[in-house]
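For reference, the chains in residue letters:
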Amino acid sequence: MQRYFLPVEQFHGDTNTVTIEGDDAHHLGRVMRAEVGDEVICSNGVDREVLVRITQLDKGIVTADIVEELAMDAEASVSVWIAQSLPKGDKMELIIQKGTEIGATRFLPFLSERTIVQYDAKKEAKRTERWQKIAKEAAEQAHRNRVPQIEAVYTWKQLLQRAKEADVAWICYEKEDGQQLKPAIQAALAAGQLGPGKQVVIAVGPEGGFTEQEIKQAEEAGFRSVSLGNRILRTETAAMVGLTCLFYETGEMGG
């Protein structure tokens, strides 16, 4: 069943109706060919999700009656933040799309020493807006209860400071010959650092990886360096592997 995330103000609690506007209304009417009587799911992405039945389709606006209140139980108990050094081309879009489908809570783009992308602050708002739209569409497709937040691009120092707000912070380092991610997760679980309500950061470097200096700085800031295995993964693959491994070990994938 089709799902849409709507602003809170489009839920009319006094009349038990919702209005679907803009791109969502266009998608529902023109792409999905919806008709009066069809049912869809609407969520405010915060604390309410409902099954609605369409009562009217006008140009750019769809009106629907609330049929049933639904449980918001599709989110992972552990909140995972993907900190991703800006990759080349449209790889960030793929990372956001697939990371959202798997269950990431937020994305922290950042600049590191080997970042190749030429960062343009003037284009940041437009780019972030596009990334947020991709996250919204992916969350709807995956039947998430909430849309992940795409944060503004961080400098390296800003990222290290931001990550201190999490309960656990891991940085993926291909030269790490010590702890692998799986035992790191198991150790965090045993220590009570992972579980419902906990926040975790997984940091992934750019195409050229992190420098040894950056790893040292990250560890001094509270990160723990981990390896994702014996193979070198592309930057757009690493976050998805780390996220999936974390959810599997914490039982979010039916384990």
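Just so it is clear, the structure is predicted and the values come from calculations on it, not from any experiment. (Residues numbered from 1 in each chain as written. Predicted model: local features only at pLDDT ≥ 70, side-chain atom pairs only at ≥ 80, totals over all residues. Heavy atoms only, no water.)

Undergrad: I'd like to hear about the sheet that holds strand 4 (residues 39-43), residue by residue, with values.
TA: Strand order in this open sheet of six strands is 1-4-5-6-3-2, and the pairing throughout is mixed. In the strand order of this sheet, the two ends are held by strand 1 (3-5) and strand 2 (11-12), each with one partner. Strands in contact with helix 1 (residues 22-31) are strand 1, strand 3 (17-21), strand 4, strand 5 (49-58) and strand 6 (61-70); relative to strand 3, the strand with the most contacts, it is inclined by about 90°. (Pairing = 2+ DSSP bridges. Helix = DSSP H or I, 4+ residues; strand = E, 2+ residues; numbered from the N terminus. Contact = heavy atoms within 4.5 Å. Axes fitted to C-alpha atoms, helices over the stretch in contact; angles between N-to-C directions.)

Undergrad: Account for the UniProt feature "domain: Ribosomal RNA small subunit methyltransferase E PUA-like" (unreviewed entry) in the protein chain, with residues named and values stated.
TA: When the UniProt feature table is mapped onto this chain numbering, "domain: Ribosomal RNA small subunit methyltransferase E PUA-like" (unreviewed entry) sits at residues 20-66. Counted over residues 20-66, helix gives 21% and strand 49%. Its end C-alpha atoms are 12 Å apart. (UniProt positions renumbered as here; feature names shortened; annotations may be inferred.)

Undergrad: Let's hear about the packing of helix 2 (residues 91-102) against helix 3 (residues 124-141): which residues, and what values?
TA: Packing of helix 2 against helix 3 leaves a shortest axis separation of 8 Å and a crossing angle of 30°. Judged by the inter-axis angle, helix 2 sits roughly parallel to helix 3. Every pair of crossing elements has a handedness; the one defined by helix 2 and helix 3 is right-handed. Along the contact surface, helix 2 presents Met-92, Glu-93, Ile-96, Gln-97, Thr-100 and Glu-101, while helix 3 presents Arg-130, Trp-131, Ile-134, Ala-135, Ala-138, Ala-139 and Gln-141. Classifying every residue of the contact of helix 2 with helix 3 gives seven nonpolar, three polar and three charged. (Parallel < 35°, antiparallel > 145°, perpendicular 65-115°, else oblique. Left-handed = near helix turned anticlockwise from the far one by under 90°. Nonpolar A, V, L, I, M, F, W, Y, C, P; charged D, E, K, R; others polar.)

Undergrad: Let's hear about the side chain of Thr-100: which residues, and what values?
TA: Within the element layout of this structure, Thr-100 appears in helix 2. Owing to a relative accessible area of 0%, Thr-100 belongs among the buried residues under this scheme. Those residues in contact with Thr-100 that sit more than four places away from it in its chain are Ile-95, Phe-107, Ala-135, Ala-138, Ala-139, Arg-144 and Pro-148. (Buried < 20%, exposed > 50% of the residue type's maximum accessible area, 1.4 Å probe, protein only.)

Undergrad: So what's going on with unusual backbone geometry? Which residues, and what values?
TA: Even without a glycine there, the phi angle at Asn-16 is positive, about 60°. Even without being a glycine, His-143 presents a positive backbone phi close to 60°. Turning to its location among the elements, His-143 is positioned in the loop between helix 3 and strand 9 (149-150).

Undergrad: How would you sum up helix 2? Please name residues and give values.
TA: Helix length check: helix 2 (twelve residues) gives 16 Å between terminal C-alpha atoms against 16 Å at 1.5 Å per residue, within 8%. Within the sequence span of helix 2, burial applies to Lys-91, Met-92, Ile-95, Ile-96, Gly-99 and Thr-100. Taken down its axis, helix 2 places every buried residue within 160° of arc, on the same side. Against the buried residues of helix 2 lie strand 7 (79-85), strand 8 (106-110), helix 3, strand 9 and helix 7 (235-249). Count one or two residues on from helix 2 and you reach Gly-103, which has phi positive near 135°. (Expected span 1.5 Å × (residues − 1). Arc of directions from axis to C-beta.)

Undergrad: How would you explain the sheet that holds strand 7 if you had to name every residue and give the values?
TA: Ordered in space as 9-8-7-11-10-12, the six strands form an open sheet in which the pairing is parallel. The sheet is open, and its two borders are formed by strand 9 and strand 12 (224-226), each paired with just one other strand. As defined by bridge partners, strand 10 (residues 168-172) adjoins strand 12 across three bridges and the pair is classed as parallel. Its bridge partner lying in strand 12, Trp-170 is registered against Arg-224. Here helix 2 sits on the sheet and contacts strand 7, strand 8 and strand 9; the angle it forms with strand 8, its principal contact strand, is near 160°.

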